[in-house]
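Here's the letter readout for the chains.
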Amino acid sequence: MIKVENLHKHFGKLEVLKGISTNIQDGEVVAVIGPSGSGKSTFLRCINLLEMPTDGRIMINGQDITDKSTNIMKVRQNVGMVFQHFHLFPHKTALQNLTYAPMKVKGISKSEAEKIGLGLLEKVGLSAKAHEYPNRLSGGQKQRVAIARALAMQPEVMLFDEPTSALDPEMVKEVLDVMKNLAHTGMTMAIVTHEMGFAREVADRVLFLDGGVLVEDSSPEEFFSNPKSERAKDFLQKML
Amino acid sequence: MNLDFQQFIPSLPYILKGIGVTLQIVSMAGILGFVLGIILSFFKISKFKFLGWIADAYTSVFRGTPLVLQLMLIYYGSPQLIGYKIDPSTAAVLSFGLNSAAYISEIIRAGILAVDKGQSEAAMALGVPYRPAMMDIILPQAMKNILPALMNEFITLTKESAIVTVIGVTDVMRRAYIVGGEKFSYFEPILIAGLIYYMMVMVLTVLGKGIERRMRRSD
């Protein structure tokens, strides 16, 4: 379980997160939505400490990851992340992208890592592309490899930072389908997204952020059909 | 123009032997410069400001004074610095290596900074510590981008190595000069030396292109 308590983040004088508190249960799929600049990406990046919280606490399975004595690398091994722009390693093949971190960080053997890697590539429908370099893949394929790469570390939590925002429209579905399948396996997921349909269909809960404040924390049905706040109403009107 | 290459044919093997001397100095200086350059570039991007300050000062001094002066300082200064005179080719390797480290560190620093920040973030997000992320993910990509600039530096080093003549190392240049002195005709042997340097640079160029092609495999 992820427990976020009074999370603050400043970039210099700019306060991006102004005290966010929420819980994410094991196996829960949470969609984080809100206008741009609302702090949703920063919120996500705090959960694997790509951004250091200025104040507040984040507990993952009872461990305070914001504590000074916490091994950040160990935390990150357990929290996978998928980026808007994929960030695949361009000098490594798809399979090498998947096997690099498990071999380097967990010290598992090459054959074992490749077995896991090939299995994951099959799950995302890209077995045939195992030995291709990222430049030979389409955007949707790159993002599916990126998801598989994160999964190769066998994390307990997966974070998605606008995973479909950089994709051509016809490639959005293939990525969302992979994520949907992942959600059905019981993976704990936090997804920053602008795909309202996907959030409504797949998410167990919706977090609506605006101006660094968690404005709504509710079920998708409630949020999309009956938003409480004016800001959420306003946002949804523009989106739908 | 009356050129008489005939009379220099017996001296040709002597001049050509200088290639080995030149190559030895250049390759050892190149390795020294490259290794030291990488270390200095890490200093420059380090979060410890003090290390960056040291590396910047180093670059400033070696870039701000003539190479021939550095060569002479090290060669003629060695008795006072370390108590005994080092041999000329050691002085050459040291000064060329230290000097090109200053330039190479700037090239590598720029190359590292030019790699998309998302690459180190992706490595961090996978729990890969700084050092392996740098060695396995960032540096290989940086190297690919800076290869032409790096090749340029090695080519410059090869040509500039001719100044070892001033401390008496018998490289290609020096030998051509000696032969010229023997025959009281400098034009032809120096032309021959020029041709030799040009050929060496051509070989380096082709080599660089080959490596570049290999590294562009993933494109």
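Just above, that's the structure.
Rules behind the numbers
Residues numbered from 1 in each chain as written. Chains lettered and ligands numbered in written order. Predicted model: local features only at pLDDT ≥ 70, side-chain atom pairs only at ≥ 80, totals over all residues. Heavy atoms only, no water. Salt bridge = Lys/Arg side-chain N within 4 Å of Asp/Glu carboxyl O. Helix = DSSP H or I, 4+ residues; strand = E, 2+ residues; numbered from the N terminus. Buried < 20%, exposed > 50% of the residue type's maximum accessible area, 1.4 Å probe, protein only. Contact = heavy atoms within 4.5 Å. Buried area = accessible area lost by both parts, 1.4 Å probe. Polar contact = N/O pair within 3.5 Å; in protein donor to acceptor, adjacent residues only side chain to side chain. Patch = residues over 30% accessible without salt bridge, like charges linked within 9 Å, V, L, I, M, F, W, Y side chains within 5 Å. Areas by Shrake-Rupley, 256 points an atom, 1.4 Å probe, with all protein chains shown as cover. Expected span 1.5 Å × (residues − 1). Pairing = 2+ DSSP bridges.

Chemist: Tell me about the pattern of salt bridges, residues and numbers included.
Modeler: Residues and elements named next belong to chain A. Evaluated as defined, the whole model comprises 19 salt bridges over all chains. For the salt bridge of Glu5 with Arg57, the shortest nitrogen-to-oxygen distance reads 3.4 Å. Taken together, the residues span a long stretch of sequence, with Glu5 in strand β1 (residues 2–11) and Arg57 in strand β4 (residues 55–60) at a distance of 52 residues. Assessed through its relative accessible area of 27%, Glu5 is described here as partly exposed. A salt bridge links Arg45 to Glu51; the nearest nitrogen and oxygen atoms lie 3.1 Å apart.

Chemist: Report on the interface of chain A and chain B, specifying residues and quantitative values.
Modeler: Contact residues are listed per partner, giving 24 residues for chain A and 21 residues for chain B. Both faces considered, chain A and chain B share a buried interface measuring about 2,000 Å² in area, 64% of it formed by carbon and sulfur atoms. Where chain A touches chain B, the interface holds two salt bridges. With a closest N to O distance of 3.3 Å, Lys104(A) and Asp136(B) form a salt bridge. At the boundary of chain A and chain B, one finds six residue pairs in polar contact (both at pLDDT 80 or more). Those elements that place two or more of their residues in the side of chain A that touches chain B are α2 (72–77), β6 (79–82), α3 (94–106) and α5 (139–151) of chain A.

Chemist: Please give an account of a nonpolar patch on the surface that cites residues and values.
Modeler: The grouping of Val68(B), Leu69(B), Met72(B), Leu73(B), Tyr76(B) and Val166(B) at the surface amounts to a nonpolar patch, some 490 Å² of accessible area in total. Looking at the secondary structure, you find Val166(B) in the loop between α6 (130–160) and α7 (172–183).

Chemist: Can you tell me about the side chain of Asn99(B), naming the residues and giving the values?
Modeler: Residue and element names in this part refer to chain B. The residue Asn99 is located in helix α4 (residues 88–114) in this model. Given a relative accessible area of 8%, Asn99 falls into the buried group. Not counting residues up to four positions away in its chain, the partners in contact with Asn99 are Phe62, Leu67 and Gln70.

Chemist: Can you lay out α5(A) for me, pointing to particular residues and giving the numbers?
Modeler: With 13 residues, α5(A) should cover 18 Å at 1.5 Å per step; its first-to-last C-alpha distance of 18 Å lies within 8% of that length. Within α5(A), twelve of the 13 residues are buried, which leaves it mostly tucked inside the rest of the structure. The inward-facing, buried residues of α5(A) abut β6, α3, α4 (110–123), β7 (157–161) and α6 (169–184) of chain A together with α5 (117–125) of chain B.

Chemist: Let's hear about the pairing of β1(A): which residues, and what values?
Modeler: All names here are of chain A. Bridge analysis of β1 against strand β2 (residues 14–24) gives eight bridges, and the strand direction is antiparallel. The partner of Leu7 across the bridge, within β2, is Ile20. Between the antiparallel neighbours β1 and β2 lie two residues, among them Gly12 with a positive phi of about 65 degrees. As defined by bridge partners, β1 adjoins β4 across five bridges and the pair is classed as antiparallel. By the bridge assignment, Lys3 is partnered in β4 with Met59.

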